[in-house]
Amino acid sequence: MFWVLLVLSILLLLFILILFTKLTILINYYHHNDNDDLKIKLKIWFGLIKYTINVPLIKVDDNSPSLVVKSKTKMGDSSEQSTKEEAKQITTEDVDTYFTNAKKLLNHVFGLHRIVRMFFRKVTMKGLEWDTMIGLGDAAHTGTITGAIWAFKGGIIGLISHYLKLKEMPKITVTPHFQAAVIHTKLTCIIQFRIGYAILAGLKLFKFWKGGLPHFKKKTNFANDKTKSV
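Residues numbered from 1 in each chain as written. Predicted model: local features only at pLDDT ≥ 70, side-chain atom pairs only at ≥ 80, totals over all residues. Heavy atoms only, no water.

## Overview of the overall build of the chain
A count of helices and strands for the chain gives 6 helices and 9 strands. The buried share of the chain, taken over its 230 residues, is 25%. Sequence-distant contacts in the chain: of pairs separated by 6 or more residues, those separated by 24 or more amount to 63%. As displayed, the chain offers around 15800 Å² of accessible surface, 65% of which is attributable to carbon and sulfur atoms. (Helix = DSSP H or I, 4+ residues; strand = E, 2+ residues; numbered from the N terminus. Buried < 20%, exposed > 50% of the residue type's maximum accessible area, 1.4 Å probe, protein only. Contact = heavy atoms within 4.5 Å. Areas by Shrake-Rupley, 256 points an atom, 1.4 Å probe, with all protein chains shown as cover.)

## So, the packing of aromatic side chains
For the coordinates displayed, the defined rule picks out 4 aromatic pairs. Seen from their ring centres, tryptophan 130 and phenylalanine 152 are 6.2 Å apart, and the 75° between their planes marks the pair as edge-to-face. With tryptophan 130 in strand 6 (residues 124–136) and phenylalanine 152 in helix 4 (residues 139–163), the pair connects residues that are 22 residues apart, well separated along the chain. By relative accessible area, phenylalanine 152 is classed as partly exposed at 49%. Taken together, the ring pairs connect Phe119, Phe120, Tyr163 and Phe193 into an aromatic cluster. (Phe/Tyr/Trp six-rings, centres within 6.5 Å; stacked < 30°, edge-to-face > 60°.)

## So, the packing of helix 3 (residues 112–120) against helix 5 (residues 195–207)
Interaxial distance between helix 3 and helix 5 falls to 10 Å at its minimum, and their mutual angle equals 170°. Regarding the angle of helix 3 to helix 5, the classification is roughly antiparallel. Mapping the contact onto sequence places Leu112, Ile115, Met118 and Phe119 in helix 3 and Tyr197, Ala198, Ala201, Lys204 and Leu205 in helix 5. Of the residues in the contact of helix 3 with helix 5, the class split is 8 nonpolar, no polar and 1 charged. (Axes fitted to C-alpha atoms, helices over the stretch in contact; angles between N-to-C directions. Parallel < 35°, antiparallel > 145°, perpendicular 65-115°, else oblique. Nonpolar A, V, L, I, M, F, W, Y, C, P; charged D, E, K, R; others polar.)

## Things to note about helix 4
Along its 25 residues, helix 4 runs 37 Å from first to last C-alpha, staying within 8% of the 36 Å computed at 1.5 Å per residue. Among all positions in helix 4, only Thr142, Thr146, Ile149, Lys153 and Ile157 are buried. In the core, the buried residues of helix 4 are packed alongside strand 6 and strand 8 (171–176). Sitting at the head of helix 4, aspartate 138 places a side-chain oxygen 3.1 Å from the backbone nitrogen of alanine 140. (Expected span 1.5 Å × (residues − 1). Polar contact = N/O pair within 3.5 Å; in protein donor to acceptor, adjacent residues only side chain to side chain.)

## Some words on the nonpolar core
The biggest cluster of nonpolar side chains holds 16 residues, and the ones touching the most others in it are Val123, Met125, Leu128, Cys189, Ile191 and Phe193. What cysteine 189 contacts, discounting residues up to four positions off in sequence, is Ile25, Leu26, Ile27, Met125, Lys126, Gly127 and Leu128. (Core = buried A, V, L, I, M, F, W, Y, C linked by side-chain atoms within 4.5 Å.)

## A closer look at the confidence of the model for the chain
The predicted coordinates of low-pLDDT regions are not to be read in fine detail. With 73% of its residues at a pLDDT of at least 70, the chain reaches an overall mean of 79. Confidence scores differ between elements of the chain, with helix 6 (residues 222–227) showing the lowest mean pLDDT of 42 and strand 8 the highest of 93. In the predicted structure, residues 221–230 sits below a pLDDT of 50 and forms 12 contacts with residues beyond four places in sequence or in another chain. (pLDDT = per-residue confidence, 0-100.)

## Considerations on unusual backbone geometry
Positive phi, close to 55°, is recorded for tryptophan 45, a residue that is not glycine. Assignment of secondary structure puts tryptophan 45 in the loop between strand 2 (35–44) and strand 3 (49–60).

## Description of a positive patch on the surface
Where like charges cluster on the molecular surface, the positive patch consists of Lys22, Arg114, Arg121, Lys122, Lys165, Lys167 and Arg194. For lysine 122, the location among the structural elements is in the loop between helix 3 and strand 6. (Patch = residues over 30% accessible without salt bridge, like charges linked within 9 Å, V, L, I, M, F, W, Y side chains within 5 Å. Salt bridge = Lys/Arg side-chain N within 4 Å of Asp/Glu carboxyl O. Lys, Arg positive; Asp, Glu negative; His and termini not counted. Charge placed at Lys NZ, Arg CZ, Asp CG, Glu CD.)

## Points about the pairing of strand 9 (residues 181–194)
In terms of strand pairing, strand 1 (residues 22–32) meets strand 9 through 11 bridges, oriented antiparallel. Bridge pairing in strand 9 links threonine 24 to glutamine 192. (Pairing = 2+ DSSP bridges.)

## Examining the pairing of strand 6
With 2 bridges connecting them, strand 6 and strand 7 (residues 165–166) associate as parallel partners. Paired with methionine 125 across the strands is leucine 166, a residue of strand 7. Two strands pair when backbone bridges link them, and strand 6 and strand 9 are joined in this way by 11 bridges, in the antiparallel orientation. In the strand pairing of strand 9, threonine 124 is matched with glutamine 192. Relative to strand 8, strand 6 runs parallel, the two sharing 6 bridges. Counterpart to tryptophan 130 in the pairing with strand 8 is isoleucine 172.

If you want it as structure tokens, here you go:
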């Protein structure tokens, strides 16, 4: 009986610890002309547990109207045993499937927007830096697109500040390049929230779930078959 109570107490303490554990997500995106690199690192307990997602390649497939995405995932700091590589091909059919399923989910959960918004209020963003250099090879066109990018970034930052808690003022720059056609973008930020808030949001989704499971649209195997040949 003593050991049973001890095990239950340890499990309870571990569950409480997980609830109050803060998840930190570091996002680093870099784009230069045709080169893309996206790295997402998740860590808890001051980096004791880490999980890294690296997408070093995002390009348009030359043989079909689709995107080729190569990614690497890694658990912890070890480089070989825990590293997994895969390539995916995202077609227009896949995008249509994602939007269709998202719409079904939205219609199946009562007050989904309210649940998501309440969760976002507990999410903190800091260290947001978004630098862009743009050039179209023509001074007039470059000036026009520079103003449009400033407006676009302002709208995105306004939307983020409306839903999330910004700890620091975002650092945003748009630099025009009048001599050549170039596009260079670098975005970094840190997102933090307690795992307990995410669990609570998940419980609310189950609470306000309407009816049985929705019939989600399945992806075709066409993209997966082509992925092997990429």
